[in-house]
Amino acid sequence: MRREPACGAGPRRVSAAPPAALALRDPLASLPEPAWLVGGCVRDALLGRPVADVDVITSGDPAVAAKALSRAHGASRFELSRDFGAWRLTGGTLPWQVDIMPMLGETLDEDLRRRDFTVNALALPVSGDPVIVDHHRGMDDLSQRRLVLVGPTALTDDPVRVIRLARLADSLGFTVDPDARAAAHTAAGGLMNVPGERVMEEFSRIICASDPVAAITALDDVGGLTALIPELGDCRGVEQSIYHHLDVLGHTYEVLGNVARIQRDPAEVFRGNAPMVAVALRTPLADGFTCGDALRLTALLHDMAKAQTRGVTDEGRVTFVWHDRVGADMADALMRRLRTSNRLREFVVHGVRQHLVLGFLVHRQPLSLVQYDRYLRRVAPDSIEAIVLSVADRLATDGPRTTPIQITRHLTLARDMLAAHARINEMEPIRSAIDGAKLAELLERRPGPWVAELLIAIREERLMGRLGDAVATERFARAWNAASPGAP
(Lines give C-alpha, C1' and ligand atoms only; values in the text may rest on other atoms or scores of the structure.)
Protein backbone atom coordinates (compact mmCIF):
# COMPACT_ATOMS: atom_id res chain seq x y z
CA MET A 1 0.00 0.00 0.00
CA ARG A 2 1.36 3.40 -0.96
CA ARG A 3 2.10 5.64 2.02
CA GLU A 4 2.25 9.41 1.76
CA PRO A 5 5.44 11.05 3.06
CA ALA A 6 5.19 12.21 6.63
CA CYS A 7 7.47 15.22 6.24
CA GLY A 8 4.81 17.68 7.27
CA ALA A 9 3.42 15.67 10.15
CA GLY A 10 5.63 17.30 12.77
CA PRO A 11 7.93 15.53 15.26
CA ARG A 12 6.74 12.61 17.35
CA ARG A 13 8.73 11.91 20.49
CA VAL A 14 9.01 8.38 21.78
CA SER A 15 9.99 8.50 25.43
CA ALA A 16 10.33 4.76 25.96
CA ALA A 17 13.79 4.50 24.43
CA PRO A 18 15.30 1.16 25.48
CA PRO A 19 18.40 1.03 27.68
CA ALA A 20 20.55 -0.09 24.74
CA ALA A 21 19.76 3.15 22.92
CA LEU A 22 20.19 5.34 25.99
CA ALA A 23 23.56 3.68 26.69
CA LEU A 24 24.88 5.31 23.53
CA ARG A 25 24.66 8.70 25.22
CA ASP A 26 26.90 8.10 28.24
CA PRO A 27 30.32 8.10 26.48
CA LEU A 28 29.31 11.28 24.64
CA ALA A 29 28.43 13.35 27.70
CA SER A 30 31.38 15.71 27.16
CA LEU A 31 30.04 16.89 23.77
CA PRO A 32 28.88 20.50 23.76
CA GLU A 33 25.18 20.98 23.03
CA PRO A 34 23.27 20.69 20.84
CA ALA A 35 24.16 17.27 19.41
CA TRP A 36 22.20 14.19 18.37
CA LEU A 37 22.96 10.55 17.66
CA VAL A 38 21.51 9.71 14.26
CA GLY A 39 21.26 7.03 11.61
CA GLY A 40 22.32 3.42 11.83
CA CYS A 41 23.55 3.46 15.42
CA VAL A 42 20.14 4.52 16.72
CA ARG A 43 18.40 2.02 14.44
CA ASP A 44 20.64 -0.87 15.49
CA ALA A 45 20.39 -0.03 19.19
CA LEU A 46 16.59 -0.03 18.94
CA LEU A 47 16.76 -3.41 17.19
CA GLY A 48 19.07 -4.81 19.87
CA ARG A 49 21.89 -5.22 17.37
CA PRO A 50 25.55 -4.53 18.25
CA VAL A 51 26.78 -1.02 17.45
CA ALA A 52 30.27 -0.72 15.96
CA ASP A 53 30.31 2.99 15.14
CA VAL A 54 28.14 6.01 15.82
CA ASP A 55 27.24 9.13 13.88
CA VAL A 56 26.70 12.41 15.70
CA ILE A 57 25.38 15.63 14.21
CA THR A 58 25.74 19.05 15.76
CA SER A 59 24.50 22.52 14.97
CA GLY A 60 27.74 23.83 16.43
CA ASP A 61 31.32 23.44 15.20
CA PRO A 62 32.23 19.74 14.69
CA ALA A 63 35.92 20.55 15.23
CA VAL A 64 35.17 21.96 18.70
CA ALA A 65 32.98 18.97 19.53
CA ALA A 66 35.66 16.54 18.33
CA LYS A 67 38.31 18.26 20.45
CA ALA A 68 36.14 18.07 23.58
CA LEU A 69 35.37 14.37 23.07
CA SER A 70 39.00 13.58 22.27
CA ARG A 71 40.18 15.18 25.50
CA ALA A 72 37.56 13.35 27.58
CA HIS A 73 38.54 9.92 26.22
CA GLY A 74 42.15 10.29 25.16
CA ALA A 75 41.01 9.41 21.65
CA SER A 76 42.67 10.13 18.34
CA ARG A 77 40.84 12.52 16.03
CA PHE A 78 41.25 13.58 12.44
CA GLU A 79 39.27 15.58 9.91
CA LEU A 80 37.39 13.45 7.42
CA SER A 81 36.49 16.22 5.03
CA ARG A 82 37.48 19.87 4.88
CA ASP A 83 34.58 20.53 2.53
CA PHE A 84 31.93 19.12 4.87
CA GLY A 85 33.63 19.63 8.23
CA ALA A 86 33.30 16.04 9.47
CA TRP A 87 35.63 14.57 12.11
CA ARG A 88 36.36 10.99 13.18
CA LEU A 89 37.49 9.79 16.61
CA THR A 90 38.87 6.37 17.50
CA GLY A 91 40.65 4.68 20.37
CA GLY A 92 41.19 5.83 23.92
CA THR A 93 38.27 4.88 26.14
CA LEU A 94 35.68 5.28 23.38
CA PRO A 95 33.71 2.03 22.96
CA TRP A 96 33.26 2.61 19.23
CA GLN A 97 34.33 4.83 16.35
CA VAL A 98 32.60 8.23 16.38
CA ASP A 99 31.95 10.47 13.37
CA ILE A 100 30.89 14.04 14.15
CA MET A 101 29.25 15.98 11.33
CA PRO A 102 27.48 19.28 10.86
CA MET A 103 23.72 19.08 10.40
CA LEU A 104 22.36 18.78 6.87
CA GLY A 105 20.54 22.09 6.84
CA GLU A 106 19.71 24.62 9.51
CA THR A 107 17.52 22.46 11.75
CA LEU A 108 17.22 18.89 12.96
CA ASP A 109 13.99 18.57 11.01
CA GLU A 110 15.76 19.55 7.80
CA ASP A 111 18.60 17.13 8.49
CA LEU A 112 16.27 14.18 9.01
CA ARG A 113 14.26 15.12 5.92
CA ARG A 114 17.42 14.73 3.78
CA ARG A 115 18.16 11.17 4.95
CA ASP A 116 17.54 7.99 2.98
CA PHE A 117 15.22 5.60 4.81
CA THR A 118 12.80 6.28 7.61
CA VAL A 119 14.52 3.82 9.93
CA ASN A 120 17.71 5.84 9.46
CA ALA A 121 15.92 9.15 10.10
CA LEU A 122 15.74 8.70 13.87
CA ALA A 123 17.63 10.94 16.29
CA LEU A 124 18.52 10.68 19.97
CA PRO A 125 19.70 13.81 21.82
CA VAL A 126 23.12 13.34 23.36
CA SER A 127 21.89 15.14 26.48
CA GLY A 128 18.56 16.31 27.84
CA ASP A 129 15.32 14.42 27.42
CA PRO A 130 15.95 10.70 26.68
CA VAL A 131 13.59 10.58 23.70
CA ILE A 132 13.74 9.35 20.14
CA VAL A 133 12.99 12.09 17.62
CA ASP A 134 10.96 10.56 14.79
CA HIS A 135 9.64 12.85 12.04
CA HIS A 136 8.90 10.19 9.41
CA ARG A 137 7.23 7.23 11.14
CA GLY A 138 10.55 5.43 11.30
CA MET A 139 9.58 3.67 14.52
CA ASP A 140 6.55 2.20 12.80
CA ASP A 141 8.69 0.95 9.92
CA LEU A 142 11.24 -0.42 12.37
CA SER A 143 8.58 -2.46 14.11
CA GLN A 144 7.22 -3.63 10.74
CA ARG A 145 10.78 -4.43 9.56
CA ARG A 146 10.46 -2.57 6.28
CA LEU A 147 12.58 -0.07 4.36
CA VAL A 148 10.67 3.02 3.30
CA LEU A 149 12.09 6.15 1.68
CA VAL A 150 12.04 9.37 3.65
CA GLY A 151 11.13 11.23 0.46
CA PRO A 152 10.45 10.35 -3.20
CA THR A 153 13.82 11.72 -4.40
CA ALA A 154 15.94 10.07 -1.69
CA LEU A 155 17.58 7.66 -4.17
CA THR A 156 17.93 9.95 -7.17
CA ASP A 157 19.54 12.51 -4.86
CA ASP A 158 22.27 9.93 -4.19
CA PRO A 159 22.19 6.72 -6.29
CA VAL A 160 24.68 5.01 -3.96
CA ARG A 161 21.70 4.62 -1.65
CA VAL A 162 20.39 1.99 -4.07
CA ILE A 163 23.26 -0.27 -3.00
CA ARG A 164 22.66 0.65 0.64
CA LEU A 165 18.98 -0.28 0.25
CA ALA A 166 19.97 -3.77 -0.87
CA ARG A 167 22.60 -4.12 1.84
CA LEU A 168 20.21 -3.17 4.61
CA ALA A 169 17.45 -5.37 3.24
CA ASP A 170 19.88 -8.28 3.39
CA SER A 171 21.68 -7.55 6.66
CA LEU A 172 18.56 -6.51 8.61
CA GLY A 173 16.21 -9.01 6.99
CA PHE A 174 13.79 -6.17 6.17
CA THR A 175 11.34 -6.06 3.29
CA VAL A 176 11.66 -3.29 0.71
CA ASP A 177 8.64 -1.05 0.33
CA PRO A 178 7.26 -1.37 -3.25
CA ASP A 179 7.64 2.37 -3.85
CA ALA A 180 11.26 2.17 -2.68
CA ARG A 181 11.92 -0.77 -5.04
CA ALA A 182 10.42 1.11 -7.99
CA ALA A 183 12.41 4.22 -7.13
CA ALA A 184 15.59 2.13 -6.88
CA HIS A 185 15.14 0.74 -10.40
CA THR A 186 14.71 4.31 -11.66
CA ALA A 187 17.70 5.69 -9.76
CA ALA A 188 20.12 2.79 -10.32
CA GLY A 189 21.33 4.08 -13.68
CA GLY A 190 22.79 7.07 -11.87
CA LEU A 191 25.44 4.83 -10.29
CA MET A 192 27.51 5.30 -13.44
CA ASN A 193 27.78 9.02 -12.65
CA VAL A 194 28.87 8.63 -9.03
CA PRO A 195 32.59 8.70 -8.13
CA GLY A 196 33.89 5.13 -8.18
CA GLU A 197 35.32 5.30 -4.68
CA ARG A 198 31.89 5.98 -3.16
CA VAL A 199 30.28 3.17 -5.13
CA MET A 200 33.02 0.73 -4.17
CA GLU A 201 32.83 1.66 -0.49
CA GLU A 202 29.17 0.58 -0.37
CA PHE A 203 29.51 -2.31 -2.84
CA SER A 204 32.37 -3.81 -0.81
CA ARG A 205 29.93 -4.29 2.07
CA ILE A 206 27.72 -6.33 -0.25
CA ILE A 207 30.68 -8.51 -1.27
CA CYS A 208 31.78 -9.00 2.34
CA ALA A 209 28.30 -9.79 3.68
CA SER A 210 27.87 -12.94 5.74
CA ASP A 211 25.89 -14.40 2.83
CA PRO A 212 27.16 -12.64 -0.30
CA VAL A 213 24.77 -14.49 -2.62
CA ALA A 214 21.76 -13.23 -0.67
CA ALA A 215 23.23 -9.71 -0.63
CA ILE A 216 23.92 -9.75 -4.38
CA THR A 217 20.45 -11.14 -5.02
CA ALA A 218 18.99 -8.26 -2.98
CA LEU A 219 21.04 -5.82 -5.07
CA ASP A 220 19.77 -7.44 -8.26
CA ASP A 221 16.21 -7.25 -6.95
CA VAL A 222 16.37 -3.43 -6.78
CA GLY A 223 18.14 -3.06 -10.14
CA GLY A 224 21.56 -2.24 -8.73
CA LEU A 225 23.55 -5.21 -10.01
CA THR A 226 22.77 -4.70 -13.68
CA ALA A 227 23.33 -0.95 -13.37
CA LEU A 228 26.67 -1.43 -11.66
CA ILE A 229 27.95 -4.37 -13.73
CA PRO A 230 25.94 -4.55 -16.98
CA GLU A 231 27.97 -7.53 -18.17
CA LEU A 232 26.46 -9.65 -15.38
CA GLY A 233 22.98 -8.59 -16.37
CA ASP A 234 23.80 -9.78 -19.89
CA CYS A 235 24.60 -13.23 -18.44
CA ARG A 236 21.07 -13.75 -17.16
CA GLY A 237 19.42 -16.59 -19.09
CA VAL A 238 22.57 -17.41 -21.11
CA GLU A 239 22.53 -21.19 -21.45
CA GLN A 240 25.73 -23.18 -21.07
CA SER A 241 26.98 -26.57 -22.16
CA ILE A 242 25.52 -29.89 -21.02
CA TYR A 243 28.19 -29.99 -18.31
CA HIS A 244 26.36 -27.12 -16.54
CA HIS A 245 23.07 -27.19 -14.67
CA LEU A 246 22.55 -23.42 -14.46
CA ASP A 247 22.67 -20.41 -16.75
CA VAL A 248 25.74 -18.20 -16.53
CA LEU A 249 24.38 -15.85 -13.86
CA GLY A 250 23.03 -18.71 -11.75
CA HIS A 251 26.38 -20.47 -12.05
CA THR A 252 28.16 -17.29 -11.01
CA TYR A 253 26.04 -17.03 -7.88
CA GLU A 254 26.81 -20.65 -7.01
CA VAL A 255 30.56 -20.13 -7.45
CA LEU A 256 30.37 -17.06 -5.21
CA GLY A 257 28.52 -19.08 -2.59
CA ASN A 258 31.12 -21.86 -2.78
CA VAL A 259 33.96 -19.40 -2.23
CA ALA A 260 32.18 -17.98 0.83
CA ARG A 261 31.55 -21.50 2.15
CA ILE A 262 35.20 -22.47 1.73
CA GLN A 263 36.23 -19.20 3.35
CA ARG A 264 34.16 -20.10 6.41
CA ASP A 265 35.33 -23.73 6.61
CA PRO A 266 38.12 -24.86 4.25
CA ALA A 267 38.27 -28.29 5.90
CA GLU A 268 34.98 -29.31 4.30
CA VAL A 269 36.67 -29.33 0.88
CA PHE A 270 40.42 -29.29 1.47
CA ARG A 271 40.72 -31.60 4.49
CA GLY A 272 44.32 -31.75 5.69
CA ASN A 273 45.30 -28.76 3.57
CA ALA A 274 42.65 -26.59 5.23
CA PRO A 275 45.00 -24.69 7.60
CA MET A 276 47.11 -23.25 4.78
CA VAL A 277 43.96 -22.28 2.87
CA ALA A 278 42.52 -20.59 5.95
CA VAL A 279 45.71 -18.58 6.51
CA ALA A 280 45.80 -17.46 2.87
CA LEU A 281 42.15 -16.38 2.80
CA ARG A 282 42.49 -14.46 6.09
CA THR A 283 45.52 -12.52 4.89
CA PRO A 284 44.82 -8.77 4.45
CA LEU A 285 45.10 -7.70 0.82
CA ALA A 286 44.03 -4.10 0.10
CA ASP A 287 41.12 -1.65 0.39
CA GLY A 288 39.96 -3.34 3.60
CA PHE A 289 39.63 -6.71 1.83
CA THR A 290 41.21 -9.95 2.94
CA CYS A 291 42.33 -12.28 0.17
CA GLY A 292 39.18 -14.33 0.80
CA ASP A 293 36.97 -11.26 0.40
CA ALA A 294 38.79 -10.31 -2.81
CA LEU A 295 38.30 -13.86 -4.07
CA ARG A 296 34.54 -13.39 -3.64
CA LEU A 297 34.74 -10.41 -5.99
CA THR A 298 36.82 -12.48 -8.42
CA ALA A 299 34.20 -15.23 -8.31
CA LEU A 300 31.46 -12.71 -9.10
CA LEU A 301 33.36 -11.52 -12.17
CA HIS A 302 35.08 -14.71 -13.35
CA ASP A 303 32.56 -15.50 -16.13
CA MET A 304 31.42 -11.95 -16.89
CA ALA A 305 32.49 -12.28 -20.56
CA LYS A 306 30.48 -15.40 -21.32
CA ALA A 307 27.51 -13.54 -22.80
CA GLN A 308 29.87 -11.76 -25.19
CA THR A 309 31.92 -14.83 -26.14
CA ARG A 310 29.17 -17.46 -26.41
CA GLY A 311 29.22 -19.56 -29.57
CA VAL A 312 27.75 -22.80 -30.88
CA THR A 313 29.72 -25.24 -33.04
CA ASP A 314 28.30 -27.01 -36.11
CA GLU A 315 27.76 -30.02 -33.85
CA GLY A 316 25.68 -27.93 -31.46
CA ARG A 317 28.27 -27.66 -28.70
CA VAL A 318 28.14 -24.42 -26.69
CA THR A 319 31.51 -22.66 -26.35
CA PHE A 320 32.88 -19.57 -24.62
CA VAL A 321 36.25 -19.23 -26.33
CA TRP A 322 38.65 -16.81 -24.60
CA HIS A 323 36.05 -15.76 -22.05
CA ASP A 324 38.86 -15.82 -19.47
CA ARG A 325 40.97 -13.30 -21.38
CA VAL A 326 38.07 -11.08 -22.44
CA GLY A 327 36.69 -11.27 -18.92
CA ALA A 328 40.03 -10.16 -17.48
CA ASP A 329 39.92 -7.05 -19.65
CA MET A 330 36.32 -6.38 -18.57
CA ALA A 331 37.22 -6.83 -14.90
CA ASP A 332 40.17 -4.48 -15.33
CA ALA A 333 37.92 -1.78 -16.81
CA LEU A 334 35.38 -2.21 -14.00
CA MET A 335 37.98 -2.04 -11.24
CA ARG A 336 39.48 1.09 -12.80
CA ARG A 337 36.02 2.66 -12.97
CA LEU A 338 35.52 1.84 -9.28
CA ARG A 339 38.99 3.29 -8.59
CA THR A 340 40.19 0.43 -6.45
CA SER A 341 43.81 0.09 -5.43
CA ASN A 342 46.20 -1.42 -7.96
CA ARG A 343 46.73 -4.45 -5.73
CA LEU A 344 43.03 -5.30 -5.50
CA ARG A 345 42.56 -4.72 -9.22
CA GLU A 346 45.54 -6.89 -10.12
CA PHE A 347 44.34 -9.67 -7.80
CA VAL A 348 40.88 -9.78 -9.38
CA VAL A 349 42.04 -9.42 -12.97
CA HIS A 350 44.72 -12.09 -12.57
CA GLY A 351 42.21 -14.43 -10.93
CA VAL A 352 39.71 -14.02 -13.78
CA ARG A 353 42.41 -14.60 -16.38
CA GLN A 354 43.77 -17.75 -14.75
CA HIS A 355 40.60 -19.39 -13.45
CA LEU A 356 40.54 -22.16 -16.08
CA VAL A 357 44.17 -23.28 -15.87
CA LEU A 358 43.95 -25.84 -13.07
CA GLY A 359 41.05 -27.57 -14.81
CA PHE A 360 43.19 -28.06 -17.91
CA LEU A 361 45.61 -30.15 -15.82
CA VAL A 362 43.03 -32.61 -14.52
CA HIS A 363 43.48 -35.01 -17.43
CA ARG A 364 47.28 -34.83 -17.20
CA GLN A 365 47.53 -36.43 -13.77
CA PRO A 366 49.73 -37.62 -12.20
CA LEU A 367 51.92 -34.52 -12.37
CA SER A 368 55.60 -34.18 -11.57
CA LEU A 369 56.87 -31.65 -9.03
CA VAL A 370 58.06 -29.53 -11.95
CA GLN A 371 54.56 -29.46 -13.44
CA TYR A 372 53.11 -28.45 -10.10
CA ASP A 373 55.73 -25.70 -9.86
CA ARG A 374 54.92 -24.40 -13.34
CA TYR A 375 51.27 -23.99 -12.44
CA LEU A 376 52.05 -22.36 -9.11
CA ARG A 377 54.44 -19.89 -10.73
CA ARG A 378 51.88 -19.09 -13.40
CA VAL A 379 49.16 -18.14 -10.89
CA ALA A 380 51.52 -16.54 -8.32
CA PRO A 381 51.42 -14.54 -6.14
CA ASP A 382 47.85 -15.67 -5.43
CA SER A 383 48.37 -19.39 -5.93
CA ILE A 384 46.20 -20.75 -3.12
CA GLU A 385 43.37 -18.39 -4.01
CA ALA A 386 43.53 -19.56 -7.65
CA ILE A 387 43.17 -23.17 -6.48
CA VAL A 388 40.18 -22.28 -4.27
CA LEU A 389 38.44 -20.46 -7.13
CA SER A 390 38.99 -23.40 -9.46
CA VAL A 391 37.43 -25.79 -6.95
CA ALA A 392 34.51 -23.44 -6.29
CA ASP A 393 33.94 -23.25 -10.06
CA ARG A 394 34.13 -27.03 -10.46
CA LEU A 395 31.65 -27.66 -7.64
CA ALA A 396 29.17 -25.33 -9.36
CA THR A 397 29.30 -27.35 -12.59
CA ASP A 398 26.91 -30.27 -12.31
CA GLY A 399 25.09 -30.77 -15.61
CA PRO A 400 23.78 -33.96 -17.24
CA ARG A 401 27.23 -34.88 -18.58
CA THR A 402 29.06 -34.22 -15.32
CA THR A 403 30.08 -37.35 -13.43
CA PRO A 404 31.18 -37.78 -9.81
CA ILE A 405 34.59 -39.03 -10.97
CA GLN A 406 35.22 -35.74 -12.80
CA ILE A 407 34.59 -33.77 -9.63
CA THR A 408 36.67 -36.19 -7.56
CA ARG A 409 39.64 -35.95 -9.93
CA HIS A 410 39.50 -32.14 -9.81
CA LEU A 411 39.38 -32.09 -6.02
CA THR A 412 42.24 -34.60 -5.83
CA LEU A 413 44.36 -32.44 -8.11
CA ALA A 414 43.60 -29.34 -6.02
CA ARG A 415 44.60 -31.08 -2.79
CA ASP A 416 47.74 -32.49 -4.39
CA MET A 417 48.59 -29.02 -5.73
CA LEU A 418 48.32 -27.55 -2.25
CA ALA A 419 50.55 -30.30 -0.87
CA ALA A 420 53.08 -29.58 -3.62
CA HIS A 421 52.86 -25.88 -2.79
CA ALA A 422 53.76 -26.62 0.82
CA ARG A 423 56.61 -28.93 -0.22
CA ILE A 424 58.09 -26.39 -2.63
CA ASN A 425 57.82 -23.63 -0.01
CA GLU A 426 59.89 -25.76 2.34
CA MET A 427 62.56 -26.03 -0.37
CA GLU A 428 62.66 -22.28 -1.07
CA PRO A 429 64.74 -20.39 -1.97
CA ILE A 430 65.51 -22.57 -4.96
CA ARG A 431 68.29 -20.50 -6.47
CA SER A 432 70.89 -21.16 -9.07
CA ALA A 433 74.40 -21.63 -7.70
CA ILE A 434 75.46 -19.06 -10.31
CA ASP A 435 73.51 -15.81 -10.70
CA GLY A 436 72.19 -14.54 -14.02
CA ALA A 437 74.86 -11.92 -14.64
CA LYS A 438 77.63 -14.46 -14.11
CA LEU A 439 75.90 -16.97 -16.39
CA ALA A 440 75.75 -14.37 -19.18
CA GLU A 441 79.44 -13.71 -18.70
CA LEU A 442 80.35 -17.42 -18.73
CA LEU A 443 78.31 -18.04 -21.87
CA GLU A 444 79.61 -14.85 -23.53
CA ARG A 445 76.08 -13.64 -24.32
CA ARG A 446 74.42 -10.28 -23.89
CA PRO A 447 71.84 -10.32 -21.05
CA GLY A 448 68.27 -10.71 -22.23
CA PRO A 449 65.06 -12.73 -21.72
CA TRP A 450 67.06 -15.90 -22.28
CA VAL A 451 68.65 -15.45 -18.83
CA ALA A 452 65.26 -15.79 -17.12
CA GLU A 453 64.50 -18.88 -19.22
CA LEU A 454 67.81 -20.45 -18.23
CA LEU A 455 67.26 -19.68 -14.53
CA ILE A 456 63.83 -21.34 -14.69
CA ALA A 457 65.41 -24.38 -16.34
CA ILE A 458 68.01 -24.50 -13.56
CA ARG A 459 65.25 -24.15 -10.94
CA GLU A 460 63.40 -27.13 -12.41
CA GLU A 461 66.55 -29.23 -12.43
CA ARG A 462 67.12 -28.39 -8.78
CA LEU A 463 63.51 -29.25 -7.94
CA MET A 464 64.12 -32.70 -9.39
CA GLY A 465 67.33 -33.04 -7.39
CA ARG A 466 69.50 -33.24 -10.49
CA LEU A 467 71.59 -30.10 -10.02
CA GLY A 468 73.73 -28.97 -7.12
CA ASP A 469 76.95 -26.97 -7.02
CA ALA A 470 78.35 -24.30 -9.32
CA VAL A 471 80.34 -26.81 -11.41
CA ALA A 472 77.23 -28.84 -12.23
CA THR A 473 75.26 -25.64 -12.83
CA GLU A 474 77.82 -24.31 -15.31
CA ARG A 475 77.88 -27.64 -17.13
CA PHE A 476 74.10 -27.65 -17.41
CA ALA A 477 74.03 -23.99 -18.53
CA ARG A 478 76.53 -24.66 -21.33
CA ALA A 479 74.51 -27.66 -22.56
CA TRP A 480 71.30 -25.64 -22.39
CA ASN A 481 72.93 -22.78 -24.26
CA ALA A 482 74.25 -25.04 -26.98
CA ALA A 483 70.71 -26.30 -27.59
CA SER A 484 69.14 -22.82 -27.43
CA PRO A 485 67.92 -21.52 -30.80
CA GLY A 486 68.95 -17.96 -29.93
CA ALA A 487 72.52 -18.81 -28.90
CA PRO A 488 75.34 -17.24 -30.94
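Preceding block: the structure.
Since we're looking at a predicted model, the values are computed, not measured. (Residues numbered from 1 in each chain as written. Predicted model: local features only at pLDDT ≥ 70, side-chain atom pairs only at ≥ 80, totals over all residues. Heavy atoms only, no water.)

Considering the overall build of the chain
- Helices and strands together make up the secondary structure of the chain, namely 26 helices and 14 strands.
- Each principal axis of the C-alpha distribution contributes one length, and for the chain these read about 90 × 60 × 40 Å.
- Counting every position in the chain, which comprises 488 residues, the buried fraction comes to 52%.
- Long-range contacts, defined as pairs at least 24 residues apart, comprise 67% of the intrachain contacts of the chain with a sequence gap of at least 6. (Helix = DSSP H or I, 4+ residues; strand = E, 2+ residues; numbered from the N terminus. Buried < 20%, exposed > 50% of the residue type's maximum accessible area, 1.4 Å probe, protein only. Contact = heavy atoms within 4.5 Å.)

Examining unusual backbone geometry
- A cis amide bond, omega -10 degrees, links Glu 33 with the succeeding residue Pro 34.
- Locating Pro 34 in the fold gives a position in the loop between α1 (19–22) and β2 (35–38).
- Gln 365 connects to Pro 366 through a cis peptide bond whose omega is 0 degrees.
- Mapped onto the elements of the fold, Pro 366 is located in the loop between α20 (357–360) and α21 (369–379).
- Backbone geometry at Trp 322 places phi at a positive 65 degrees, although glycine is not the residue there.
- Even without being a glycine, Glu 444 presents a positive backbone phi close to 55 degrees.

Points about empty space enclosed by the protein
- A full pass over the atoms with the stated rule returns 1 cavity of 30 Å³ or more.
- The space that makes up the largest cavity amounts to roughly 80 Å³.
- Residue lining of the largest cavity: Leu 295, Phe 347, His 350, Gly 351, Gln 354, His 355, Val 379, Asp 382, Glu 385, Ala 386 and Leu 389, and that is the complete set.
- Looking at the lining of the largest cavity, the elements that each hand over two or more residues are α19 (342–353) and α22 (383–395).
- For the lining of the largest cavity, the residue count by class is 5 nonpolar, 4 polar and 2 charged. (1 Å grid on protein atoms, 1.4 Å probe; cavity = no way out; pocket = protein on both sides within 12 Å on 5 of 7 lines; lining within 4 Å. Points joined across faces, edges and corners; volume = space filled by probe spheres on them. Nonpolar A, V, L, I, M, F, W, Y, C, P; charged D, E, K, R; others polar.)

A word on the pairing of strand β7 (residues 122–125)
- Here β7 shows a buried face lined by Leu 122 and Leu 124 and a second buried face lined by Ala 123 and Pro 125.
- Of the pairings in the sheet, the one linking β2 to β7 comprises 3 bridges and is antiparallel in character. Bridge pairing links Val 38 to Ala 123 in β7.
- With 2 bridges joining them, β7 and strand β8 (residues 132–134) adopt antiparallel strand pairing. (Pairing = 2+ DSSP bridges.)

Re the environment of Ser 70
- Within the element layout of this structure, Ser 70 appears in helix α3 (residues 62–73).
- C-alpha separation for the pair Ser 70 and Arg 88, spaced 18 residues apart in sequence, amounts to 9.8 Å.
- Non-local contacts of Ser 70, meaning those with residues more than four positions away in its chain, are made with Ala 75, Arg 77 and Leu 89.
- In this structure the side chain of Ser 70 is engaged in a polar contact, spanning 2.6 Å, whose partner is the backbone oxygen of Ala 75. (Polar contact = N/O pair within 3.5 Å; in protein donor to acceptor, adjacent residues only side chain to side chain.)

Thoughts on the pattern of salt bridges
- For the structure shown, the criterion picks out 28 salt bridges.
- For Arg 164, the salt bridge is made with Glu 202, and the minimal N-O distance between the two is 3.5 Å. On the criterion of sequence distance, the pair formed by Arg 164 in helix α7 (residues 160–172) and Glu 202 in helix α9 (residues 196–207) is long-range, its members being 38 residues apart.
- Measuring nitrogen to oxygen at the nearest pair gives 3.1 Å for the salt bridge that ties Arg 377 to Glu 460. (Salt bridge = Lys/Arg side-chain N within 4 Å of Asp/Glu carboxyl O.)

Re the packing of aromatic side chains
- All chains considered together, the criterion is met by 0 aromatic pairs.
- Over the ring of Phe 320 we find Lys 306; its NZ or CZ atom is 4.8 Å from the centre of that ring.
- If you follow Arg 445 out to its NZ or CZ, it ends over the ring of Trp 450, 4.2 Å from the centre. (Phe/Tyr/Trp six-rings, centres within 6.5 Å; stacked < 30°, edge-to-face > 60°. Lys NZ or Arg CZ within 6 Å of the ring centre and 35° of its normal.)

Some remarks on the side chain of Thr 402
- Residue placement: Thr 402 occurs in the loop between α22 and α23 (404–427).
- Since its relative accessible area comes to 10%, Thr 402 is described here as buried.
- A polar contact of 2.9 Å, which involves the side chain of Thr 402, links it to the backbone oxygen of Tyr 243.
- Not counting the four nearest positions on each side in its chain, Thr 402 is found in contact with Tyr 243, Arg 394, Thr 397 and Ile 407.

Let's talk about the side chain of Lys 306
- Within the secondary structure layout, Lys 306 lies in helix α17 (residues 306–309).
- Discounting chain neighbours no more than four positions away, the residues touching Lys 306 are Gln 240, His 244, Val 248, Phe 320 and His 323.

Re the packing of α9 against helix α10 (residues 212–221)
- Where α9 meets α10, the axes come as close as 8 Å, and the angle between the chain directions of the two elements is 130 degrees. By the criterion of interaxial angle, the relationship of α9 to α10 is oblique. From α9, Phe 203, Ile 206 and Ile 207 reach across to α10, where they touch Pro 212, Ala 215, Ile 216 and Leu 219.
- Taken together, the residues of the contact of α9 with α10 sort by class into 7 nonpolar, no polar and no charged. (Axes fitted to C-alpha atoms, helices over the stretch in contact; angles between N-to-C directions. Parallel < 35°, antiparallel > 145°, perpendicular 65-115°, else oblique.)

Concerning helix α25 (residues 449–463)
- Taking 1.5 Å of rise per residue, the 15 residues of α25 would be expected to cover 21 Å, and the 22 Å separating its terminal C-alpha atoms lies within 8% of that figure.
- Where α25 is buried, its residues contact α21, α23, α24 (436–442) and α26 (470–483). (Expected span 1.5 Å × (residues − 1).)

Notes on the layout of surface pockets
- The computed volume of the largest pocket comes to approximately 1,900 Å³.
- Surrounding the largest pocket, 46 residues form its lining, Asp 55, Arg 164, Glu 201, Glu 202 and Arg 205 being those nearest its centre.
- Secondary-structure elements contributing two or more residues to the lining of the largest pocket are α2 (40–47), β3 (53–58), β4 (76–81), β5 (86–90), β6 (97–102), α7 and α9.
- Top element by residues in the lining of the largest pocket is α7. It accounts for 8 residues.
- Of the residues assigned to the lining of the largest pocket, the class counts are 18 nonpolar, 7 polar and 21 charged.
- Approximately 1,000 Å³ is the volume found for the second largest pocket.
- The wall of the second largest pocket is formed by 29 residues, among which Ser 241, Tyr 243, His 244, Leu 356 and Thr 397 lie closest to the centre.
- Elements with a minimum of two residues in the lining of the second largest pocket: β14 (318–320), α20, α22 and α23.
- When the residues that make up the lining of the second largest pocket are grouped by side-chain class, the tally is 8 nonpolar, 14 polar and 7 charged.

Keep in mind these numbers describe shape, not what the thing actually does.
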